[in-house]
Amino acid sequence: MSDYLIAPSILSADFARLGADVEAVLAAGADVVHFDVMDNHYVPNLTMGPMFCKALRDYGITAPIDVHLMVQPVDRIIGDFIDAGADIITFHPEASAHIDRSLQLIKSGGCKAGLVFNPATPLHHLDYVMDRIDQILIMSVNPGFGGQSFIPTALDKLRQARQRIAASGRDIRLEIDGGVKVDNIRAIAEAGADMFVAGSAIFNAPDYATRIAEMRAELAL
Ligand code: DX5
Ligand code: ZN
């Protein structure tokens, strides 16, 4: 595993044959499974719950599962995802009534925890929790759908988040999610990201391995 992590968003996978498709994208060189949970309340779409996560584990998927919660309220679903085999759980601060409590719930279950920032959400929610988080996820689209265009202001937010991580002295992953493609991944890495969610760019490609290799080649430049 390189220091850059490629995390395909399985929102764009074939849900009718999810296990096989996730297996294929991992065999093609992906590092992490990005698992988008949408509740038709916090975001205007409905996707997968903890049963899908457990089903992937039962199918034999052993790669880290990065659960991106786009749900409100947050807390009551956290335990179910811990039990279902999640490794990382991130949530949107606006969706949690008690951010610190939600982080504690995730950590007490043995998972890595992170906060997610929508394009217009300021980073100040990090102010008192940097010692508790393992990951920061910067959204470069408004959450709810795959296949949207990258919002360029995310680059400046990545730089700010990277500065905060450096100041903390902690080992915190900086993840980007939304509109990540071969032609912008290098600029995104230069802005500070080290974990790249890509849904449509990978799952709509004719060959997953070729597409992931193209992304890694950009990162190696
Ligand atoms: C959007 C999701 C993303 C999405 C990314 O709310 O969080 O993970 O699936 O899809 P692409 O890479 O197609 O923009
Ligand atoms: Zn996501």
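Residues numbered from 1 in each chain as written. Chains lettered and ligands numbered in written order. Predicted model: local features only at pLDDT ≥ 70, side-chain atom pairs only at ≥ 80, totals over all residues.

Chemist: Explain the overall build of the protein chain residue by residue, including any values.
Modeler: The helix and strand tally for the protein chain stands at eight helices and eight strands. Taking 221 residues into account, the globule formula puts the C-alpha radius of gyration at 17 Å, and the protein chain, at 16 Å, falls close to it. In terms of principal-axis extent, the alpha carbons of the protein chain reach across some 45 × 40 × 30 Å. Here the contacts in the protein chain between residues at least 6 apart in sequence split such that 64% fall between residues at least 24 apart. (Helix = DSSP H or I, 4+ residues; strand = E, 2+ residues; numbered from the N terminus. Rg over C-alpha atoms; globule rule 2.2 N^0.38 Å. Contact = placed C-beta atoms within 7 Å.)

Chemist: Residue-level account of the environment of Ala220, with values.
Modeler: Assignment of secondary structure puts Ala220 in helix α8 (residues 208–220). The class of Ala220 is exposed, set by 10 C-beta atoms lying within 10 Å. A C-alpha to C-alpha distance of 20 Å links Ala220 and Arg159, two positions 61 residues apart in sequence. (Buried ≥ 20, exposed ≤ 12 C-beta atoms within 10 Å, placed from the backbone.)

Chemist: How would you sum up the sheet that holds strand β4 (residues 88–91)? Please name residues and give values.
Modeler: Strands sit in the order β1-β8-β7-β6-β5-β4-β3-β2 across an open sheet of eight strands; the sheet is parallel. Each having just a single partner strand, β1 (5–8) and β2 (33–38) make up the two edges of the open sheet. Between one strand axis and the next, the sheet turns by 25° as a mean value, whatever way the strands run. Bridge analysis of strand β6 (residues 135–139) against strand β7 (residues 173–177) gives five bridges, and the strand direction is parallel. Bridge pairing in β7 links Gln135 to Arg173. (Pairing = 2+ DSSP bridges. Axes fitted to C-alpha atoms, helices over the stretch in contact; angles between N-to-C directions.)

Chemist: Tell me about the nonpolar core, and name the residues and values.
Modeler: Val67, Ala86, Ile89 and Phe196 are the most contacted members of the largest nonpolar core, which has 69 residues in total. Among the elements that make up this core, the one with the highest residue count is helix α3 (residues 75–84) (five residues). (Core = buried A, V, L, I, M, F, W, Y, C linked by C-beta atoms within 7 Å.)

Chemist: Account for α8, naming residues and giving values.
Modeler: Between its first and last C-alpha atoms α8 spans 18 Å; for 13 residues at 1.5 Å apiece the expected length is 18 Å, and the two agree. Within α8 the residues assigned to the buried category are Arg211, Ile212 and Met215. The arc that holds the buried residues of α8, viewed along the axis, is 95°, so those residues lie on one side. Seen from the open side of α8, the exposed residues pointing more than 90 degrees away from its buried face are Thr210, Ala217 and Ala220. (Expected span 1.5 Å × (residues − 1). Arc of directions from axis to C-beta.)

Chemist: Which residues make up the UniProt feature "binding site: substrate" (unreviewed entry) in the protein chain, and what are the values?
Modeler: Mapped onto this numbering, the UniProt entry annotates "binding site: substrate" (unreviewed entry) at Ser9, His68, Gly144, Phe145, Gly146, Gly147, Asp177, Gly178, Gly179, Gly199 and Ser200. Its location among the elements puts His68 in strand β3 (residues 65–70). If sequence neighbours within four positions are ignored, His68 has contacts with His34, Phe35, Asp36, Val37, Thr90, Val116, Leu137 and Asp177. One can find Asp177 in strand β7. The residues contacting Asp177, other than those within four sequence positions of it, are His68, Leu137, Met139, Ser140 and Val197. (UniProt positions renumbered as here; feature names shortened; annotations may be inferred.)

Chemist: Tell me about the site of ligand 1, and name the residues and values.
Modeler: Neighbouring ligand 1 are 21 residues; Ser9, Pro143, Gly146, Gly199 and Ser200 lie closest to it. Taken together, the residues of the shell around ligand 1 sort by class into seven nonpolar, twelve polar and two charged. (Near = placed C-beta within 6 Å. Nonpolar A, V, L, I, M, F, W, Y, C, P; charged D, E, K, R; others polar.)

Chemist: Account for the pairing of β6, naming residues and giving values.
Modeler: Across the five residues of β6, four count as buried, placing the element largely inside the fold. Here four bridges tie strand β5 (residues 112–117) to β6, and the two strands are oriented parallel to one another. Looking at β6, one finds that Gly114 is bridged to Gln135. Following the chain from β6 across helix α5 (residues 153–168) to the adjacent parallel β7, one finds a crossover that is right-handed. (Right-handed = clockwise from strand over helix to strand, strands pointing away.)

Chemist: Could you give an account of the UniProt feature "binding site: a divalent metal cation" (unreviewed entry) in the protein chain, with specific residues and numbers?
Modeler: In this structure's numbering, the residues bearing the UniProt feature "binding site: a divalent metal cation" (unreviewed entry) are His34, Asp36, His68 and Asp177. The annotated residues occupy 144 residues of the chain but converge on a single region, no pair of C-alpha atoms lying more than 10.5 Å apart. Overall, the presence of 26 C-beta atoms within 10 Å leaves His68 in the buried class. The exposure class assigned to Asp177 is buried, which follows from the 27 C-beta atoms found within 10 Å.

Chemist: Give me α5: which residues, what numbers.
Modeler: Residues spaced three or four apart along an α-helix point in a common direction, a consequence of the helix completing one turn every 3.6 residues. Between its first and last C-alpha, α5 extends 23 Å over 16 residues, near the 22 Å set by a 1.5 Å rise per residue. All of the buried residues along α5 are Ala154, Lys157, Leu158, Ala161 and Ile165. Projected onto a plane normal to the axis of α5, the buried residues spread over an arc of 105° and lie on a single side. Away from the buried face of α5 by more than 90 degrees, exposed residues Asp156, Gln163, Ala166 and Ala167 are located. Gly169 lies just past α5 and shows a positive phi near 70°.

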